[in-house]
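# Per-entry structural report
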Amino acid sequence: MIVRNNIPVYDICWLNHARGGMIGTFYEPENLDELKNICSKLYLEGKDFDLIGHTSNIYFLPDYSVANMVSTRKCNNIVEETNYIVCDCGVPVAKLSRQMVEEGVKGLKD
């Protein structure tokens, strides 16, 4: 897991115009077990935290600040089973669709 402290919001935001705001501790778990562990730990310790993805659809107001933030963007494993595909919560749709096209996956079954 990657942990960074006291970082400005614009360091994790897609929008180049994000200003102000600080994140006390920014957690980037690299798999689902790390994600579960850090969220459970923060919850059990009574610490508030925001859970975010890639931030491509988030606009942070200039005065936004948070003590703890957990990002799912590094939880991006894709596993193809016999009849289905299992994706971690941080898999970008573009990555999933690109991989499925490359592997020749077509259509959906009911």
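Read on for a plain summary of the structure. Small disclaimer: the values here were computed from a predicted structure and weren't measured. (Residues numbered from 1 in each chain as written. Predicted model: local features only at pLDDT ≥ 70, side-chain atom pairs only at ≥ 80, totals over all residues. Heavy atoms only, no water.)

## Let's talk about the overall build of the chain
Counting its regular elements, the chain contains two helices and six strands. Listed by position from the N terminus, the elements making up the chain come as β-β-α-β-β-β-β-α. Overall size of the chain, expressed as C-alpha extent along the three principal axes, is 45 × 35 × 25 Å. In the chain, buried positions account for 32% of the 110 residues. Of the contacts made within the chain by residues no fewer than 6 positions apart, 48% connect residues no fewer than 24 positions apart. For the chain, the accessible surface area stands at approximately 7600 Å², while carbon and sulfur atoms represent 52% of it. Distance from the positive charge centre (11 side chains) to the negative charge centre (15 side chains) of the chain: 4 Å. (Helix = DSSP H or I, 4+ residues; strand = E, 2+ residues; numbered from the N terminus. Buried < 20%, exposed > 50% of the residue type's maximum accessible area, 1.4 Å probe, protein only. Contact = heavy atoms within 4.5 Å. Areas by Shrake-Rupley, 256 points an atom, 1.4 Å probe, with all protein chains shown as cover. Lys, Arg positive; Asp, Glu negative; His and termini not counted. Charge placed at Lys NZ, Arg CZ, Asp CG, Glu CD.)

## Details of the nonpolar core
Ranked by size, the top nonpolar core spans 11 residues in total: Ile-7, Val-9, Ile-12, Cys-13, Ile-23, Phe-26, Ile-52, Phe-60, Tyr-64, Val-66 and Met-69. At the level of elements, β2 (22-28) and β4 (66-71) are the ones that each hand at least two residues to this core. Setting aside residues no more than four positions away along its own chain, Phe-60 makes contact with Val-9, Ile-12, Cys-13, Thr-55 and Met-69. Counting residues in each nonpolar core, the second largest holds seven residues, with Ile-38, Cys-39, Leu-42 and Val-70 among its members. (Core = buried A, V, L, I, M, F, W, Y, C linked by side-chain atoms within 4.5 Å.)

## Points about a nonpolar patch on the surface
Judged by side-chain polarity, Val-79, Tyr-84 and Val-86 come together as a nonpolar surface patch covering roughly 270 Å² of accessible area. By secondary structure assignment, the location of Tyr-84 is in the loop between β5 (78-80) and β6 (85-87). (Patch = residues over 30% accessible without salt bridge, like charges linked within 9 Å, V, L, I, M, F, W, Y side chains within 5 Å. Salt bridge = Lys/Arg side-chain N within 4 Å of Asp/Glu carboxyl O.)

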